[in-house]
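Structural description and commentary
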Amino acid sequence: MKNLLYSLRKITFANSAHPLRTLRLNELLSANKVLWLSAFLLANTATFAQQTISLEKAIELAKSNNIDLKIADKEIERQNILKKTAFQPDPLQVQYQGGQFNSVDFDHNVSIQQFFPLGNVTKANRQLQEELAKLAEKRKALSSYELEKAVTLAYYQYLYGVSIQKLNSELNEIYTKFLKNAELRFKTGESGNIEVISAKAKVKEIETQKEQLNYDLAIYQKQLQFFIQTDENIVPDETTSLQYPFIENKDSKAESLMTDFYQQQISVYQKEAGTFKANRTPKLGLGYFAQTINTESLFQGFTAGLQIPLFGGVNTAKVKAAEISISQSQLALDKNKIILNLQKEELLNNFKKQQKNLNYYKNEGLQYANQIIETAQKSYANGDMSYWSYISFLNQAIDIKKQFAEVTHSYNQSAVELQFPTIKNN
């Protein structure tokens, strides 16, 4: 699986001043998969019974159902089966000869010969296949790591959509109360009809926005369902905290996986060089023949011989090429360790920035927003505040809540990225 990239699409939210971002997980997919996902998302969106699921269960299901991991399992199985090919004798040679090769009489000769590898050829081949099987396991571990990251991002993307829906419902409740107050003030002659019209327009706008948010949430759900690869209509547990529970890990799983992969690749090239060296040894041939002489039978005997590779330049060149591949893998490991460390430093700085921003909204920002809304509603209902002042304070409080949802979403993305930094394996 390839690394994750995120493209942005804008969601307007009741004339919000800041567009909200939505995650699209495309880089894990090949071109065909992207087309498949597009068709999948545009398919029938009828509502079925939904099954709530925890993040841990979602990751477990994804690893169990994901076709790419199943293909990786088949590759491991294939390499293990190929261990049986370590012993590679030449094809059995069977020859018949008939004619006047002993006398004027027509005689017959049948011979069988088989050549066997000598030295460490069989052992070298077996060791190479064992390392190839281990390399397939390392590749699967990388794919599993990327899948876990993708599922986590999709899971919290859905929870983000749920938080936006809840904010929309809260806004609808606020403006519905505002509309009732505006209608009452209009009836009593305390205000003009403009307040009622404005409130009705805002309530209608929020209700319209609700439908758009429902479509967005359906897309988020399909994204998660795609990575889990199930027909069940599963959704994240909405009681899960919107904030991703980041756990700082001193032992980098990404670095461990990457190092294991390249070191295993080096082991494969080392064993490959060993097989080329072993192929320079002779092969032993054993044979049997039976023939007639002057049409009298049966005369028989045995043969023995050697196949000596006089021109060993081909295998010598292959050994040198394998040694170059070892150096290339070591250099790639060194380079990607540097890239990973730099990436982690960048991700850590971004995480700290998002964490500080989130802490402000959690500890102060939301309290200010709730206080503003509560105070403005009471003042407006008591006639102590003008319509325009009320709207101004209300928009300020709503903007703070929107910013909190957006900041939490940004924090989650940075936390997941830091928990699962991108691994380069090419």
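Residues numbered from 1 in each chain as written. Predicted model: local features only at pLDDT ≥ 70, side-chain atom pairs only at ≥ 80, totals over all residues. Heavy atoms only, no water.

**So, the nonpolar core**
Ranked by size, the top nonpolar core spans 70 residues in total, and within it V151, Y155, Y175, F178 and Y390 carry the most contacts. Elements represented by at least two residues in this core include exactly α2 (55–65), α4 (121–187), α5 (193–228), α6 (253–278), α7 (313–381) and α8 (387–419). By residue number, the principal contributor to this core is α4, which donates 19 residues. Counting 9 residues, the second-largest nonpolar core is a separate cluster that includes Y158, Y160, V162 and L217. (Core = buried A, V, L, I, M, F, W, Y, C linked by side-chain atoms within 4.5 Å. Buried < 20%, exposed > 50% of the residue type's maximum accessible area, 1.4 Å probe, protein only. Helix = DSSP H or I, 4+ residues; strand = E, 2+ residues; numbered from the N terminus.)

**Some details on unusual backbone geometry**
Here the residue pair S297 and L298 is connected by a cis peptide bond, since its omega of 10° sits within 30 degrees of zero. Relative to the elements of secondary structure, L298 occurs in strand β6 (residues 296–307). A positive phi angle, near 55°, is found at Q229, a position not held by glycine. Tracing the sequence through the fold places Q229 in the loop between α5 and β4 (234–236). Judged by relative accessible area, which is 25%, Q229 ranks as partly exposed. A positive phi angle, near 65°, is found at T295, a position not held by glycine. Checked against the element boundaries, T295 lands in the loop between β5 (283–293) and β6.

**Quick notes on α4**
Turn by turn, an α-helix covers 3.6 residues, leaving residues three or four places apart pointing in a common direction. In this model, α4 (67 residues) spans 99 Å end to end at C-alpha, consistent with the 99 Å of a helix rising 1.5 Å per residue. Once α4 ends, the next one or two residues include G189, with phi positive near 80°. (Expected span 1.5 Å × (residues − 1).)

**Here we look at the packing of aromatic side chains**
Using the criterion set out here, one finds 9 aromatic pairs in the structure. For the ring pair F246 and F351, a centre distance of 4.6 Å and an interplane angle of 45° mean the geometry is tilted. One end of the pair, F246, is in the loop between β4 and α6; the other, F351, is in helix α7, and 105 residues separate them in sequence. A relative accessible area of 5% means that F351 is categorised as buried. Taken together, the ring pairs in this structure connect Y155, Y156 and Y244 into an aromatic cluster. (Phe/Tyr/Trp six-rings, centres within 6.5 Å; stacked < 30°, edge-to-face > 60°.)

**Regarding a nonpolar patch on the surface**
Where nonpolar side chains cluster on the molecular surface, the patch consists of L92, V94, Y96, F106, V110 and I112 and spans about 590 Å² of accessible area. Of all the secondary-structure elements, those providing two or more residues to the nonpolar patch are β2 (93–99) and β3 (107–117). Relative to the helices and strands, F106 resides in the loop between β2 and β3. Taking the relative accessible area as the measure of exposure, F106 reaches 52% and is therefore exposed. (Patch = residues over 30% accessible without salt bridge, like charges linked within 9 Å, V, L, I, M, F, W, Y side chains within 5 Å. Areas by Shrake-Rupley, 256 points an atom, 1.4 Å probe, with all protein chains shown as cover. Salt bridge = Lys/Arg side-chain N within 4 Å of Asp/Glu carboxyl O.)

**Some thoughts on the side chain of T292**
Following the sequence through the fold, T292 ends up in strand β5. Residue classification places T292 among the buried residues on the basis of a relative accessible area of 11%. A distance of 2.9 Å separates a polar side-chain atom of T292 from the backbone nitrogen of H108. T292 has contacts with F101, N102, D107, H108, S297 and F299, leaving out every residue within four places of it along the chain. (Polar contact = N/O pair within 3.5 Å; in protein donor to acceptor, adjacent residues only side chain to side chain. Contact = heavy atoms within 4.5 Å.)

**A few points about the pairing of β5**
Here β3 pairs with β5 via 9 bridges, running antiparallel. Opposite P117, over in β5, you have K283 as the bridge partner. Relative to β6, β5 is paired through 10 bridges, and the arrangement is antiparallel. Bridge pairing in β6 links A290 to Q300. (Pairing = 2+ DSSP bridges.)

**Observations concerning the packing of α6 against α7**
Direction vectors running N to C along α6 and α7 enclose 175°, while the axes themselves pass 8 Å from each other. Between α6 and α7, the angle falls in the class roughly antiparallel. Looking at the contact of α6 with α7 residue by residue, the classes come out as 13 nonpolar, 10 polar and 7 charged. (Axes fitted to C-alpha atoms, helices over the stretch in contact; angles between N-to-C directions. Parallel < 35°, antiparallel > 145°, perpendicular 65-115°, else oblique. Nonpolar A, V, L, I, M, F, W, Y, C, P; charged D, E, K, R; others polar.)

**Here we look at the confidence of the model for the chain**
Looking at the chain as a whole, the pLDDT averages 84, with 87% of positions reaching at least 70. The model gives residues 1–47 a pLDDT under 50, and that stretch makes 107 contacts with residues more than four places away or in other chains. (pLDDT = per-residue confidence, 0-100.)

**What to know about the sheet that holds β3**
Taken in spatial order, the 4 strands make up an open sheet running β2-β3-β5-β6, and their pairing is antiparallel. What marks the edges here is a single partner per strand, and that holds for β2 and β6. Sheet twist, expressed as the average angle between the axes of neighbouring strands with direction ignored, equals 15°.

**A look at the environment of Q419**
Along the chain, the position of Q419 falls in helix α8. In this structure, the C-alpha to C-alpha distance between Q419 and I247, residues 172 residues apart in sequence, is 7.6 Å. Those residues in contact with Q419, other than ones at most four positions away along the chain, are Y145, Y244, F246, I247 and N249.

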